[in-house]
Amino acid sequence: MSKQQPTATPWFETANPIPRSRKTVTVIGAGISGCTVAAALKKRGFDVTVVDRHNHAGAEASGNPEGIVYPKLSPRDDLLPRVNLAAIQFASDYYQPFWDSGLGRQCGVLVVPENDKARSDFKLISQRYADQTEMVETIAHDHLEELSGVPLQAESALYFPKLGWLPPQLVCEQLLKLNDIPLIQADIQGLEYAQDQANWQLRDAKQLVIETETVIIASAFDCKQFSQTAYLPLRKIRGQITQLPCTVESSKMKMVICGECYITPAENSLHGCGATYNKDLFTTELRDIDHQTNLAQIAATDAGLAAVLGQPSNESLTGRANFRCTTSDYLPIAGPVPNRAAMLEDYAALRRDAKMPMTSLGAYLPNLYVNCGMGSRGLSYAPLTAELLAAEIASETPVLSKELCQAMHPARFLIRDLKRNRI
Ligand SMILES: Cc1cc2nc3c(=O)[nH]c(=O)nc-3n(C[C@H](O)[C@H](O)[C@H](O)COP(=O)(O)OP(=O)(O)OC[C@H]3O[C@@H](n4cnc5c(N)ncnc54)[C@H](O)[C@@H]3O)c2cc1C
């Protein structure tokens, strides 16, 4: 264990960095988390390979036909809305070339309040972000129909002109293709560090798949299948989206509208809306009840929306179901993977006294990183976490403050649980 001058959070500093010489990186997972980080590293000159159990990118959570770049602001100065604001600002620039090339649409996102609490929060949000009208502005009821194209009944709404929707699967594919990153199909069962070769060895059920200096685990909830990241407190939450036919009136919708759920403007005569939340359901089969839930949530979002959509027949509804990977604090997990056993030993004193000053730097597994826990906002968070990880691996200065990087740090749960004497 190495020591330094006391800082409030020494566990987030790496005590044992292993120098990188060959710059080979393997990313496990070809969803939006894996593809964005692969691209960010390739742009920095790393030799990057992506491994996925499917033969194409964006086959699981990142496989929906459309995903919204969602905002999640708050009138309070909490870490979550601060990270979210940084993420959506970064994401709106990041996706510009995709939108310019015709993937998805930067049509703007309009958020209508779900209840009285949201209504009063929105007033405070518009005051708080009054100097950032290029990112968010409040639209009064009288202007809502002209702006959105549909006769919304909301009193007012928050409008994010720089956001929109994207087809996540195509974005994943483009990220690999445009950056010339190979995708190997393999279901990785485990990884081991070969000390003598300073290499990670990734194996499937039968054989060694690849040896690599640096590994980034971006396999969403399945991070839990690897011993190194099994303890991360991730949850798997099923979600189903519904695609429904547009009507003459609903085809005038110009932007994504969010509230109880979201709905996209019609594309090829279909709106996309969603998504449901099911904690204990692990099937990707579509369920009629979930389509009905989505339609009910659209109606609850705004009666004006329900009116223009009419009543689509069951047979006209299609969709897709998959799984989010969520964390208890709703923030992603991005950074180096702690050496859990060493950390538990080094910081054991926190169990007795959570405020005990610590001087030991954190123990981390050599050149092993994780990028997961994107929850319902992978499109918003992944470009930023990818950039942060790539900057860290390339020893560059991060684009985000230390405090916000630490809010997404993989070691935060270990330290929290030690302080609460739970582990
Ligand atoms: C119904 C629904 C609607 C959603 N809507 C939105 C939205 O509108 N906007 C938004 O931002 N987000 C939305 N989300 C969330 C978003 O889809 C996720 O946050 C995002 O896709 C997560 O990306 P990921 O790369 O972390 O995970 P994934 O896309 O699941 O990628 C993980 C990859 O790892 C691979 N993998 C796993 N284990 C292994 C292994 N052992 N070996 C090899 N490969 C492995 C998998 O095959 C998979 O391709 C939605 C999610 C759902 C389910």
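Considerations on the domain arrangement of the protein chain
Size of an interface, as often reported, equals the accessible area lost when the parts are brought together.
Line of reasoning, step 1. As assigned here, the protein chain comprises domain 1 (20-61 + 169-233 + 329-419) and domain 2 (109-161 + 235-327).
Line of reasoning, step 2. Placing a centre on the C-alpha atoms of domain 1 and another on those of domain 2 gives a separation of 32 Å.
Line of reasoning, step 3. The partner domain 2 presents seven residues to the 14 residues of domain 1 that form the contact.

What about the site of the ligand?
Line of reasoning, step 1. Around the ligand sit 44 residues in total, of which G29, G31, S62, G239 and G378 are the nearest.
Line of reasoning, step 2. Looking at the shell around the ligand, the elements that each hand over two or more residues are helix 1 (32-42), strand 2 (47-52), strand 3 (67-68), strand 13 (234-245), strand 17 (318-327) and helix 10 (378-393).
Line of reasoning, step 3. Ranked by residues supplied to the shell around the ligand, first place goes to strand 17 with four residues.
Line of reasoning, step 4. Here the shell around the ligand gathers at least three residues from each of two domains, domain 1 (20-61 + 169-233 + 329-419) and domain 2 (109-161 + 235-327).

What to know about the nonpolar core
Line of reasoning, step 1. Among the nonpolar cores identified, the biggest contains 119 residues, and C35, V37 and A38 are the most heavily contacted of them.
Line of reasoning, step 2. In terms of residues, this core owes the most to one element, helix 10, which gives nine residues.
Line of reasoning, step 3. Two domains share this core, each providing at least three of its residues, namely domain 1 (20-61 + 169-233 + 329-419) and domain 2 (109-161 + 235-327).
Line of reasoning, step 4. Aside from chain neighbours lying at most four places away, what touches V37 is V27, I216, A218, N371, A386, L389 and A390.

Quick look at the packing of helix 1 against helix 10
Line of reasoning, step 1. Relative to each other, helix 1 and helix 10 sit at 40°, their axes nearing to 8 Å. The two elements helix 1 and helix 10 cross, and the hand of that crossing is right-handed. Together, I32, S33, T36, V37, A40 and L41 of helix 1 and G378, L379, A382, P383, A386, E387, L389, A390 and I393 of helix 10 make up the contact between the two elements.

Each value, and the rule that gives it
Residues numbered from 1 in each chain as written. Predicted model: local features only at pLDDT ≥ 70, side-chain atom pairs only at ≥ 80, totals over all residues. Domains from an automatic or database assignment. Contact = placed C-beta atoms within 7 Å. Near = placed C-beta within 6 Å. Helix = DSSP H or I, 4+ residues; strand = E, 2+ residues; numbered from the N terminus. Core = buried A, V, L, I, M, F, W, Y, C linked by C-beta atoms within 7 Å. Buried ≥ 20, exposed ≤ 12 C-beta atoms within 10 Å, placed from the backbone. Axes fitted to C-alpha atoms, helices over the stretch in contact; angles between N-to-C directions. Left-handed = near helix turned anticlockwise from the far one by under 90°.

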